[in-house]
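Inside the fold
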Amino acid sequence: MADEFVKVASLSDIPPGDMVSVTVGADEVLLVNLDGDLHACDDICSHAYANLSEGDLEEGEIVCPLHGAVFDVASGRPVTPPATEALRKFAIRVDGDDVMVGPVIAADD
Ligand code: FES
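Description of the structure in this document. (Residues numbered from 1 in each chain as written. Predicted model: local features only at pLDDT ≥ 70, side-chain atom pairs only at ≥ 80, totals over all residues.)

1. Regarding the overall build of the protein
- Of regular secondary structure, the protein possesses 0 helices and 10 strands.
- When the elements of the protein are put in sequence order from the N terminus, they spell out β-β-β-β-β-β-β-β-β-β.
- Principal-axis analysis of the C-alpha atoms places the extent of the protein at approximately 40 × 30 × 20 Å.
- Each of the 109 residues in the protein was classed as buried or not, and the buried ones make up 29%.
- Of the contacts made within the protein by residues no fewer than 6 positions apart, 36% connect residues no fewer than 24 positions apart. (Helix = DSSP H or I, 4+ residues; strand = E, 2+ residues; numbered from the N terminus. Buried ≥ 20, exposed ≤ 12 C-beta atoms within 10 Å, placed from the backbone. Contact = placed C-beta atoms within 7 Å.)

Spelled out as structure tokens, the structure:
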């Protein structure tokens, strides 16, 4: 993905406690609104292939719908197995009602 910010959604599309999957270039990115704090991470689970946007969001954590790994949204890190690798986090910016996603900002495991 280029080092540019791309508008992917409107702020009103992602109310607090909600999450939305968007496509940015070749990446499927999950936008999560944690009490007004927006985060962007991989929508595809780091364990196998499942869309985390189809899982559950519970108290700042996402539960993978396929095998149940839990990820911390703020860090992207897995909290429980079977996932062991962190999700990539993307830079996110809000300008008025525009939600924009930028480059990867963290990729640790
Ligand atoms: S695909 Fe997510 S835990 Fe296996």
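Further notes follow.
2. Comments concerning unusual backbone geometry
- Cis rather than trans, the peptide bond between Pro-81 and Pro-82 has omega equal to 10 degrees.
- For Pro-82, the location among the structural elements is in the loop between strand 8 (78–80) and strand 9 (89–95).

3. Topic: the environment of Phe-5
- In this structure, Phe-5 sits in the segment before strand 1 (6–10).
- Residue class for Phe-5 comes out partly exposed when judged on the 18 C-beta atoms lying within 10 Å of it.
- C-alpha of Phe-5 to C-alpha of Arg-93: the two residues are 88 residues apart in sequence and 7.8 Å apart in space.
- Excluding anything up to four places from it in sequence, Phe-5 contacts Arg-93, Met-100, Val-101 and Gly-102.

4. Regarding the sheet that holds strand 8
- One open sheet accounts for 4 strands, arranged 5-6-7-8; its pairing is antiparallel. Where the open sheet ends on each side, the last strands, each with one partner, are strand 5 (56–58) and strand 8. For this sheet, the mean angle separating the axes of adjacent strands, direction not counted, is 30 degrees.
- Note that strand 5 and strand 6 (residues 61–63) share 3 bridges and pair antiparallel. Bridging across to strand 6, Asp-56 finds its partner in Val-63. (Pairing = 2+ DSSP bridges. Axes fitted to C-alpha atoms, helices over the stretch in contact; angles between N-to-C directions.)

5. Concerning the environment of Val-8
- Tracing the chain through its elements places Val-8 in strand 1.
- In this structure, the C-alpha to C-alpha distance between Val-8 and Asp-43, residues 35 residues apart in sequence, is 14 Å.
- The contacts of Val-8, once residues within four sequence positions are left out, are Val-22, Val-24, Leu-31, Val-99, Met-100 and Val-101.

6. Things to note about the nonpolar core
- Counting residues in hydrophobic clusters, the biggest one holds 23 residues, and the most contacted among them are Val-29, Leu-30, Leu-31 and Ala-40.
- Of all the secondary-structure elements, those providing two or more residues to this core are strand 2 (19–24), strand 3 (27–34), strand 4 (37–42), strand 9 and strand 10 (98–106).
- In this structure Leu-31 touches Val-8, Ala-9, Ile-14, Met-19, Val-20, Val-22, Leu-38, Ala-40 and Val-99, once residues within four positions along its chain are discounted. (Core = buried A, V, L, I, M, F, W, Y, C linked by C-beta atoms within 7 Å.)

Taken by themselves, the reported measurements are silent on function.
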